[in-house]
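Residue strings, one per chain:
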Amino acid sequence: MRYHLFCLSLFKASLALFSSSALSALQPIEEAPLASEIDHHCHFKDDGTTKCSSTYHYTILRPSGREEISRIDFTFNEDDNLTVEKAELTQPGKKSVPLDKSRIDTRLAPNPAKGFLQEKQTSIAFPNLRIGTRVSYTLQQDYAAKPMINGFHYIYNEYPSPQRIDRLNVKFTAERPIVWRSERMENFNITHKKDKKELVITLKKPPYYLNYVNEANGSYVRQIPRIELASSLDLQDNFGAIAKRYNEILAAKLPPLSAEVVSNIKEKTPEQKGNTFTIITVTWAIGEVANGVTFHLACLKLKSMVMATVKTWQYFSPQCLKPQGSKLSLRG
């Protein structure tokens, strides 16, 4: 009897765990709540900056489509710039009406990494939406050059979404040859010009629709249509300057007072080290100690930036950065 109850409980638990994933399925294109037309162009400059211009048109096909576009948010780094060039709304059978400027708002976004990262957020709110309503907007995006990053690396994804794509024209141009690789792009045409400085993506057989229903919260798709573009596959070209600066920071000496504190900590017990850390925190404002702490924070920030970038780059290049001892060296 106990064995029977155990098996029954195990079955119920398994059913609860797998029922949501078992019911998830591709949504038929006939159920798409939105139809879209997309034009997107990015130009990669030799100075490391990127300029993008995008125009989006959405038409509401079902009531659920209103929720998707009633408010659209764009989050970007504070060093970058995003401008809504034009936004308009067209009701069925009527002429397009420009969106009131009061419905476009830019503000600071919630700060996930205080002291290291600050983001902004621009929102567009479209009113009076119903089936057949068409909304359009054009964005200008300027991405600042990243310190010590030579060249460019850009990823374009087509995530599952409740929008049917009726027309897609994505173009990338650069002042140097573009190298690229793709994954699951069977439904797209990829045209690479002879001089390798222009790459265009279009749909093979429009419309295109990829969306899932009955997906569990927090789930994600491991493989999606995506293409990566870069200016070089050479590891030295992409990370040489960063690795050099990182090694320079590690090789530099600490200020005298900071070096003395670090030396004293090495001789203490774990409990004493904790007390010493508290003292250092309290005396944060003392100039020389503060400089030393700031010095190490800069080092840690640089290291985390390098390693995070490398994890992404490993999809693109079989080579990688390897930490050896206390230094970050290049292996190619």
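Residues numbered from 1 in each chain as written. Predicted model: local features only at pLDDT ≥ 70, side-chain atom pairs only at ≥ 80, totals over all residues. Heavy atoms only, no water.

1. So, the overall build of the protein chain
Then, in step 1: Within the protein chain, the secondary structure is distributed over six helices and 18 strands.
Then, in step 2: Evaluated residue by residue, the protein chain yields a buried proportion of 33% over its 332 residues.
Then, in step 3: Pairs at least 24 residues apart make up 73% of the contacts formed inside the protein chain by residues separated by at least 6 positions.
Then, in step 4: If you sum the accessible surface of the protein chain, you get close to 20,500 Å²; carbon and sulfur atoms cover 54% of it. (Helix = DSSP H or I, 4+ residues; strand = E, 2+ residues; numbered from the N terminus. Buried < 20%, exposed > 50% of the residue type's maximum accessible area, 1.4 Å probe, protein only. Contact = heavy atoms within 4.5 Å. Areas by Shrake-Rupley, 256 points an atom, 1.4 Å probe, with all protein chains shown as cover.)

2. A few points about the pattern of salt bridges
Then, in step 1: Across all of its chains, the model carries 11 salt bridges by this definition.
Then, in step 2: In this structure, the salt-bridge partner of Lys51 is Asp142, at a minimum N-O distance of 3.0 Å. With Lys51 in strand S3 (residues 50-60) and Asp142 in strand S9 (residues 134-143), this pair connects stretches of sequence that are 91 residues apart.
Then, in step 3: The exposure class assigned to Asp142 is partly exposed, which follows from its relative accessible area of 26%.
Then, in step 4: A salt bridge links Arg71 to Asp73; the shortest N-O distance between them is 3.0 Å.
Then, in step 5: We classify Arg71 as partly exposed; its relative accessible area is 46%.
Then, in step 6: Each of Glu37, Asp39, Arg134 and Arg167 takes part in one network of salt bridges that share partners. (Salt bridge = Lys/Arg side-chain N within 4 Å of Asp/Glu carboxyl O.)

3. Things to note about the side chain of Thr173
Then, in step 1: Assignment of secondary structure puts Thr173 in strand S11 (residues 163-174).
Then, in step 2: In contact with Thr173, not counting residues within four places along its chain, are His41, Cys42, His43, Phe44, Ile178, Lys197 and Glu198.

4. Overview of the sheet that holds strand S12 (residues 179-183)
Then, in step 1: An order of S10-S16-S12 is seen for the three strands of this open sheet, with the pairing classed as antiparallel. Unpaired on one side and paired on the other, strand S10 (153-157) and S12 mark the two borders of the sheet. Strand-to-strand twist across the sheet, computed as the mean angle between neighbouring axes with direction ignored, equals 15°. (Pairing = 2+ DSSP bridges. Axes fitted to C-alpha atoms, helices over the stretch in contact; angles between N-to-C directions.)

5. Concerning the nonpolar core
Inside soluble globular proteins, nonpolar side chains tend to come together where they are buried.
Then, in step 1: Core analysis: the largest hydrophobic core is formed by 41 residues, its most contacted members being Ile69, Phe126, Tyr137, Tyr156, Leu168, Phe172 and Ile201.
Then, in step 2: No other element matches S11, which puts five residues into this core.
Then, in step 3: With residues up to four places along the chain from it excluded, the contact list for Tyr156 reads His40, Leu168, Val170, Phe172, Ile201, Pro225, Arg226 and Ile227. (Core = buried A, V, L, I, M, F, W, Y, C linked by side-chain atoms within 4.5 Å.)

6. Quick look at the sheet that holds strand S4 (residues 71-77)
Then, in step 1: Reading across from one edge, S4-S8-S7 is the order of the three strands in this open sheet, with antiparallel pairing throughout. Two strands close off the open sheet at either side, each with one partner strand: S4 and strand S7 (104-108). Geometrically, the sheet is characterised by an average inter-axis angle of 20° between neighbouring strands, direction not taken into account.

7. Let's talk about helix H3 (residues 235-251)
Then, in step 1: Helix length check: H3 (17 residues) gives 22 Å between terminal C-alpha atoms against 24 Å at 1.5 Å per residue, within 8%.
Then, in step 2: Along its length, H3 reaches its greatest deviation from straightness, about 30°, at Ala241.
Then, in step 3: For H3, the set of buried residues is Leu235, Asn238, Phe239, Gly240, Ile242, Ala243, Tyr246 and Ile249. (Expected span 1.5 Å × (residues − 1). Bend = angle between axes of the 7 residues up to and from the residue.)

8. Some remarks on the state of the cysteines
Then, in step 1: For the structure on display, the rule yields one disulfide.
Then, in step 2: Across a sulfur-sulfur distance of 1.9 Å, Cys42 and Cys52 are joined as a disulfide pair. Here the S-S torsion is close to 110°, and the disulfide linking Cys42 with Cys52 is therefore right-handed. Here Cys52 lies in strand S3 and Cys42 lies in strand S2 (residues 34-44), a separation of 10 residues in the sequence. Grouping residues by exposure puts Cys42 and Cys52 together as buried. (Disulfide = S-S within 2.5 Å.)

9. What to know about the side chain of Ser161
Then, in step 1: Along the chain, Ser161 falls in the loop between S10 and S11.
Then, in step 2: The exposure class of Ser161 is buried, given its relative accessible area of 16%.
Then, in step 3: If sequence neighbours within four positions are ignored, Ser161 has contacts with Tyr209, Leu210 and Asn211.

10. Describing the pairing of strand S8 (residues 119-125)
Then, in step 1: Where S4 meets S8, seven bridges bridge the pair, whose relative direction is antiparallel. Paired with Asn77 across the bridge in S8 is Glu119.

11. A closer look at the environment of Lys194
Then, in step 1: Summarising the element assignment, Lys194 is placed in the loop between strand S13 (188-192) and strand S14 (198-203).
Then, in step 2: Residues Lys194 and Pro177, spaced 17 residues apart in sequence, show a C-alpha to C-alpha distance of 9.7 Å.

12. A word on the pairing of S11
Then, in step 1: One ladder, built from 11 bridges, connects S2 with S11; its direction is parallel. Within the sheet, the bridge partner assigned to Ala35 lies in S11 and is Arg164.
Then, in step 2: As defined by bridge partners, S11 adjoins S14 across five bridges and the pair is classed as antiparallel. Within S14, the residue paired with Asn169 across the bridge is Thr202.

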